[in-house]
Amino acid sequence: MGDILIVDDERDIRELIADILQDEGYTTRLAANSDECMNEINAEPPALLILDIWLKDSRMDGIDILSTVKRDNPDIPIVIISGHGNIEIAVAAIKQGAYDFIEKPFNIDQLMVVIRRAMEASKLRRENIDLRRRDVVSYEMIGSCSAFKTLKAQLEKVTKSNGRVMLTGPAGAGKEVAARHIHANSNRSAAPFVTVNSASIEPERMEEVLFGRESPDRGVEPGLLEQAHGGVLYFDEIADMPLGTQSKILRVLVEQQFQRVGGGDKVRVDLRVISSTNRDLPTEIAAGRFREELYHRLNVVPISVPSLEERREDIPELAAHFIAEFNRAQGLPLRDVSDEARALLQTMLWPGNVRQLKNVIERVLILGEDSGAITAKELPVASEESAGEGRVVLSGALATLPLREARELFEREYLLTQINRFGGNISRTATFVGMERSALHRKLKSLGVVTSTKAGARVAHVDEGTAAD
């Protein structure tokens with residue numbers, strides 16, 4: 001039902017309350033003074049704290065403990081008990097964040113009612129925060145091609161663990177979506193997901209941003225590490241983090257605790273760390289731009305997020321998803337995508353990956369018609385490459401070549417695009433381009449086009465060693 005920490009300098013009182021709570025199905029821990037109390041909380045925050053105001057032979061009294069716990073662990077509900085109760089003490093305790101104040105000798109039934117209400121209020125507060133967070137940010141994994149299924153299977157394997165995950169892949173491929181999928185399907189889903197934009201942290205402000213600060217004027221200002229306590233801390237593009245910041249983060253990962261700027265107490269955090277990068281970190285390490293020890297700490301489970309080039313089959317599904325999303329969020333038209341537009345989307349170059357596709361869909365919905373299917377002419381590439389009815393503008397490189405070389409280059413690029421559009425499926429490609437499968441195989445061989453498995457999908461590419469001269 002819940003783990004309750006009981007802090008009282010009288011052994012009989014501690015054990016009496018513990019016996020009653022255990023009979024009700026709760027698990028309990030006991031502490032006789034402030035040091036024992038803080039050690040228990042730092043080891044594992046309880047679901048609820050029952051705290052005596054007066055503690056003999058302690059360096060902190062109950063109000064001091066209350067203030068410290070509510071500062072460092074604001075989600076822990078605290079019930080104050082005291083044999084020397086008065087209105088001033090009760091008011092002070094409530095102002096400091098106590099859930100309720102009970103005077104000794106207390107009625108057992110009254111104590112149990114307060115405990116149940118405190119636990120329920122804490123649970124409802126966490127659920128409300130989670131619901132607000134999910135209402136603001138909704139991330140879905142969309143796709144069905146082989147490369148996507150491989151990624152999804154790998155993500156499912158790590159959701160239930162607490163291991164650190166390193167997501168690699170090009171910018172815009174969906175690394176943050178993958179990180180949020182891990183969080184949403186883990187046992188930390190009700191806790192925060194906090195993003196650290198690695199490149200935006202200035203070295204001189206790093207400690208304040210990550211660790212927070214304490215000052216007499218402004219009190220405690222939690223940093224990103226504290227805000228992520230109990231949940232997931234996501235380092236977006238970790239390779240962009242300055243070297244000085246890397247060494248401090250490494251220390252936190254090792255010790256799982258830190259000090260706020262201007263503070264003296266150690267703050268313990270329980271975090272799962274997920275990081276991402278679009279760079280080759282071993283190369284960055286060799287160049288002296290990334291700490292090797294931090295790399296090994298973060299790269300416990302490496303997962304590759306495929307580019308949109310590797311999952312062209314998913315483009316129509318992604319486009320339909322974005323159209324529905326923009327309709328729901330912005331009231332943009334709910335339109336279908338024509339066959340011609342779908343084919344063009346699958347054959348376009350996407351250096352910006354899924355992010356670029358989403359931007360293109362939004363642009364078309366804003367600037368295009370209010371109804372009817374999206375046509376190829378509405379897509380940016382169509383307007384750039386069209387040169388009148390039935391004509392296509394040649395690229396500068398293609399226009400300078402002799403006919404034989406231009407034809408060969410066109411055929412190679414055309415077939416590469418179509419094969420990747422159909423997920424490496426030669427039969428479907430042959431049907432679409434209007435060739436017998438055996439004839440297509442011969443053509444591919446003459447052009448030096450081969451297929452191989454990459455990130456769980458069949459991908460076509462040019463084998464320079466066998467390409468025809």
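Look up a bit, the structure's there.
Since the structure is predicted, the reported quantities are computational estimates derived from the model, not experimental observations.

Engineer: Just to check I follow, could you spell out the overall build of the chain for this structure?
Structural biologist: Along the chain, the regular secondary structure elements total 20 helices and 16 strands. A globule of 469 residues ought to have a C-alpha radius of gyration of about 23 Å, yet the chain, at 30 Å, is considerably larger. Dimensions of the chain along its principal axes, counting C-alpha atoms only, are 100 × 50 × 45 Å. If you take every contact in the chain between residues at least 6 apart in sequence, the share linking residues at least 24 apart comes to 69%.

Engineer: It is not clear to me how the packing of aromatic side chains should be interpreted in this structure. Could you clarify?
Structural biologist: The description of two aromatic rings rests on the distance between their centres and on the angle between their planes. One pass over the structure, following the stated rule, counts 4 aromatic pairs. Residues phenylalanine 410 and tyrosine 414 carry aromatic rings whose centres are separated by 5.7 Å and whose planes lie at 20 degrees to one another, so their mutual orientation is stacked. On the criterion of helical spacing, the pair formed by phenylalanine 410 and tyrosine 414 is a turn pair, its members being 4 residues apart in helix H18 (residues 403–421). Taking relative accessible area as the criterion, tyrosine 414 reaches 31% and is therefore assigned partly exposed. Positioned above the aromatic ring of phenylalanine 432 is the side chain of arginine 421, whose terminal nitrogen or guanidinium carbon lies 4.4 Å from the ring centre.

Engineer: What's the story with unusual backbone geometry in this structure? I'm lost.
Structural biologist: Peptide bonds are, in most cases, trans, and in most cases residues other than glycine have a negative phi. For glutamate 237, which is not glycine, the phi dihedral falls at a positive 50 degrees. Tracing the backbone shows glutamate 237 in the loop between strand E10 (232–236) and helix H10 (243–255). Its relative accessible area of 13% is what places glutamate 237 among the buried residues. Although it is not a glycine, asparagine 353 sits at a positive phi angle of roughly 60 degrees. The residue asparagine 353 is located in helix H15 (residues 353–367) in this model. According to the relative accessible area criterion, asparagine 353 is buried, its value standing at 3%.

Engineer: What am I meant to see in the sheet that holds strand E6 (residues 165–168) here?
Structural biologist: Each strand in a sheet pairs with another by means of backbone hydrogen bonds, the pair being arranged parallel or else antiparallel. Read across the open sheet, the 5 strands follow the order E7-E10-E13-E6-E14; overall the sheet is parallel. If you trace the sheet from one side to the other, it starts and ends with strand E7 (193–197) and strand E14 (301–304), each paired once. Neighbour-to-neighbour, the strand axes of this sheet turn through a mean angle of 20 degrees, independent of strand direction. With 4 bridges joining them, E6 and strand E13 (residues 272–277) adopt parallel strand pairing. By the bridge assignment, leucine 167 is partnered in E13 with serine 276. Along the sheet, helix H7 (residues 175–184) contacts E6, E7, E10 and E13; its crossing angle with E7, the most-contacted strand, is approximately 150 degrees.

Engineer: Would you mind showing me how to read the pairing of E10 here?
Structural biologist: In summary, the side chains of a regular strand alternate between the two faces of the sheet. With 4 of 5 residues buried, E10 lies mostly within the body of the structure. Bridge count for E7 against E10 is 5 bridges, and the pairing is parallel. Along E10, the bridge assignment pairs valine 196 with phenylalanine 235. Here E10 runs beside E13; their pairing, made up of 4 bridges, is parallel. By the bridge assignment, phenylalanine 235 is partnered in E13 with serine 275.

Engineer: In this structure, what is going on with the packing of helix H13 (residues 315–330) against H15? I would like to understand it.
Structural biologist: The geometry of a pair of packed helices is captured by two quantities: the angle between their axes and the separation between those axes. Put simply, H13 and H15 touch, their axes get as near as 10 Å, and they point 55 degrees apart. Considered as vectors, H13 and H15 are oriented oblique to each other. Two packed elements cross with a definite hand, and for H13 against H15 that hand is right-handed. Side by side, H13 and H15 meet where Ile315, Leu318, Ala319, Phe322, Ile323, Glu325, Phe326 and Gln330 of the first sit next to Val354, Leu357, Lys358, Ile361, Glu362 and Leu365 of the second. Class assignment for the residues of the contact of H13 with H15 results in 10 nonpolar, 1 polar and 3 charged.

Engineer: I would appreciate a short explanation of the pattern of salt bridges in the present structure.
Structural biologist: If charged atoms from side chains of opposite charge come close, those side chains can pair. Within the structure shown, the criterion is met by 26 salt bridges. Among the salt bridges present, the one from glutamate 221 reaches arginine 213, with a minimum N-O distance of 3.7 Å. Residue glutamate 221 is classed as partly exposed on the basis of its relative accessible area of 23%. Across the salt bridge formed by arginine 312 and glutamate 309, the nearest N and O atoms sit 2.6 Å from each other. Overall, glutamate 309 belongs to the partly exposed group, its relative accessible area being 34%.

Engineer: How should the nonpolar core be read in this particular structure?
Structural biologist: As a rule of thumb, soluble globular proteins bury nonpolar side chains together. Counting 30 residues, the largest nonpolar core has Val196, Leu210, Leu225, Leu233, Phe235 and Ile238 as the members making the most contacts within it. Residue assignment for this core shows that the elements contributing at least two residues are E7, helix H8 (206–211), helix H9 (224–227), E10, H10, helix H11 (281–286) and helix H12 (292–298). A per-element tally of this core places H10 first, with 4 residues. Once residues lying within four places of it in the same chain are set aside, the contact partners of leucine 233 are Val194, Val196, Leu224, Leu225, Ala228, Leu271, Arg272, Val273 and Ile274. Core analysis: the second largest hydrophobic core is formed by 23 residues, Phe326, Leu332, Val337 and Ile361 among them.

Engineer: Sorry, what's going on with the sheet that holds strand E3 (residues 48–52) here?
Structural biologist: Within the open sheet, the 5 strands sit side by side as E2-E1-E3-E4-E5. Their pairing is parallel. Each of the sheet's edge strands pairs with one partner strand only, and the pair in question is strand E2 (27–31) and strand E5 (100–103). For this sheet, the mean inter-axis angle between neighbouring strands, taken without regard to orientation, is 20 degrees. By the bridge criterion, 5 bridges tie strand E1 (residues 3–7) to E2 in an arrangement that is parallel. Bridge pairing links valine 7 to alanine 31 in E2. Across the sheet, helix H2 (residues 34–43) touches E1, E2 and E3, and the angle it forms with E1 is around 165 degrees. Most of the contacts of helix H3 (residues 62–72) go to E3, to which it runs at about 155 degrees, and overall it touches E3 and strand E4 (78–82).

Calculation rules
- Residues numbered from 1 in each chain as written.
- Predicted model: local features only at pLDDT ≥ 70, side-chain atom pairs only at ≥ 80, totals over all residues.
- Heavy atoms only, no water.
- Helix = DSSP H or I, 4+ residues; strand = E, 2+ residues; numbered from the N terminus.
- Rg over C-alpha atoms; globule rule 2.2 N^0.38 Å.
- Contact = heavy atoms within 4.5 Å.
- Phe/Tyr/Trp six-rings, centres within 6.5 Å; stacked < 30°, edge-to-face > 60°.
- Buried < 20%, exposed > 50% of the residue type's maximum accessible area, 1.4 Å probe, protein only.
- Lys NZ or Arg CZ within 6 Å of the ring centre and 35° of its normal.
- Pairing = 2+ DSSP bridges.
- Axes fitted to C-alpha atoms, helices over the stretch in contact; angles between N-to-C directions.
- Parallel < 35°, antiparallel > 145°, perpendicular 65-115°, else oblique.
- Left-handed = near helix turned anticlockwise from the far one by under 90°.
- Nonpolar A, V, L, I, M, F, W, Y, C, P; charged D, E, K, R; others polar.
- Salt bridge = Lys/Arg side-chain N within 4 Å of Asp/Glu carboxyl O.
- Core = buried A, V, L, I, M, F, W, Y, C linked by side-chain atoms within 4.5 Å.

Any functional reading would require information that these geometric values do not contain.
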